[in-house]
Amino acid sequence: MQKVLVTGGCGYIGAHTIVDLINNGFDVVNVDNNMRSTTKLLDGVEQITGKKVRNYKVDLCNLEDTHAVFHENRDIVGVIHFAALKSVGESVNEPLLYFQNNITSLVNVLKCVKEFNIPNFVFSSSCSVYGNSAALPVVEETPLGEAQSPYARTKQMGEQIIEDFSRVNPTQSILLRYFNPVGAHPSALIGELPLGKPDNLVPVITQVAIGKLPKLTVFGTHYDTRDGSCIRDYIHVTDIANAHTKALQYLLEKRNGTNCEVFNLGTGMGVTVLEAINAFEKISGMKLNYELGEPRPGDVIAIYANNTKAREKLGWEPKSGIEDMMRTAWQWEVALRDRVLNN
Ligand code: WQD
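Values in this document were obtained by computation on a predicted structure and should not be read as measured data. (Residues numbered from 1 in each chain as written. Predicted model: local features only at pLDDT ≥ 70, side-chain atom pairs only at ≥ 80, totals over all residues. Heavy atoms only, no water.)

Side note on the UniProt feature "domain: NAD(P)-binding" (unreviewed entry) in the chain
Note the cut-off: UniProt positions are given in the numbering used here, feature names are shortened, and annotations may be inferred rather than shown by experiment. Helix and strand labels come from DSSP, where a helix needs a run of H or I of at least four residues and a strand needs a run of E of at least two; each type is numbered from the N terminus.
Here, UniProt's "domain: NAD(P)-binding" (unreviewed entry) annotation points to residues 5-327. Counting secondary structure, residues 5-327 comes out at 40% helix and 17% strand; the distance between its end C-alpha atoms is 31 Å.

The following block contains the structure:
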């Protein structure tokens, strides 16, 4: 059984990816310092797959501790690197925290990938590297715009670091640019666990609906879009997860053309904030308490993907539409409440 090392697997996308990797026959070990997560989602992974995933509670900014993990797992066929701080808003206020954490951890992981000759590396990147791209939908060759936040800049820098590393090392790499990951595993045993008040739209919607938050504010309704609110390419987290398995298989089967390739992971469908709210109201049968408010500084007006390259080269096919995303996000929120009530 081929073994994969995942970093940041206690997080939302990491945990869903571990489920998909196990379901596709891989053995997984995880590294996560739980700075912004707990091992709760790994418990959910075990309930879903029956597999207990070992977590090395290690700070990847500590090279010695990171090296020790690789030393103990020299048989891995690849690394999937999720571990990073990812709050756009926080990064604006704490740029040095973001550069120190996100860049140091990446460089340390790459140093170990090099020393232990790990053949394959998959990196968690983001649509935020495009900035306020004018040309929509964006393709992988779309020139990157000015990063709208230090978080986005750490993803742009991360991509460049890996490209430069790939020029002089045999490791084969893939950069996956996520659009807006939302929703939860259909079992409702894992999902998004924002610490504190969420920033992202879908957890705000479900927390308003369940009564944890009083109301949702729509940030801006006079943009030059079909209904005035921002457009995003929301993509189900299980589709994002499967793309990682497909990317690793693509490298393992040596189907890649060059040793550093980029892929957009979006549905190709742009959805406005108001349309997302309507989709939630439709699947939940609830009327959401929201108000129309001022634009949020730093927001991109519209972005959505051309995902042809991932479909054709990785054989990846996003399966869920916006209603499935809202349905599973809502089922997860209800499961969280019931678990609290029953414990
Ligand atoms: C979506 C839309 C808001 C909350 C970020 C990162 C991106 C990726 C996904 C990691 C926007 C609107 C939101 C609210 C609202 N993360 N909104 N009221 O900013 O598109 O993307 O998360 O890879 O890198 O940048 O996601 O969910 O915060 O916002 O109206 O209470 O919802 O204005 O138009 P965003 P988001």
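Okay, back to it.
Some thoughts on the sheet that holds strand β3 (residues 54-56)
Test applied: At least two DSSP bridges between two strands are needed for those strands to be called paired. Note on geometry: axes are C-alpha line fits, over the in-contact stretch for helices, and angles between N-to-C directions span 0 to 180 degrees. Any pair of residues with heavy atoms lying within 4.5 Å of one another is described as a contacting pair.
Taken in spatial order, the seven strands of this open sheet run β3-β2-β1-β4-β5-β6-β11, and their pairing is parallel. What marks the edges here is a single partner per strand, and that holds for β3 and β11 (260-265). Pairs of neighbouring strands in the sheet enclose a mean axial angle of 20°, with direction left out of account. Here three bridges tie strand β4 (residues 76-81) to strand β5 (residues 120-126), and the two strands are oriented parallel to one another. Bridging across to β5, Val79 finds its partner in Phe121. Docked against the sheet, helix α1 (residues 12-23) engages β1 (3-7), β2 (27-31), β4 and β6 (172-178), running at close to 160° with respect to β2. Helix α3 (residues 63-72) rests against β1, β2, β3 and β4 of the sheet, and its axis sits at about 150° to β3.

Describing the domain arrangement of the chain
Worth spelling out the cut-off: Domain borders in the structure are assigned automatically or taken from a domain database. Once two parts are joined, some of their accessible surface, as seen by a 1.4 Å probe, is lost; buried area is that loss totalled over both. In the sections that follow, a salt bridge refers to a side-chain nitrogen of Lys or Arg positioned within 4 Å of a carboxyl oxygen of Asp or Glu. Definition of a polar contact: a pair of N or O atoms within 3.5 Å, with one able to donate and the other able to accept a hydrogen when the atoms are protein atoms, and with sequence-neighbouring residues admitted only if both atoms are side-chain atoms.
On domain assignment, one finds that the chain holds domain 1 (3-184 + 235-266) and domain 2 (201-231 + 269-303 + 320-342). In this complex, domain 1 contributes 15 residues to the contact, which on the side of domain 2 involves 12 residues. The contact between domain 1 and domain 2 buries some 1,100 Å² in all, and 70% of this surface belongs to carbon and sulfur atoms. In terms of surface lost to domain 2, no three residues of domain 1 exceed Val182, Ala184 and His236, which account for 35% of the buried area on that side. There are zero salt bridges connecting domain 1 and domain 2. The tally of links between domain 1 and domain 2 comes to three residue pairs in polar contact (both at pLDDT 80 or more).

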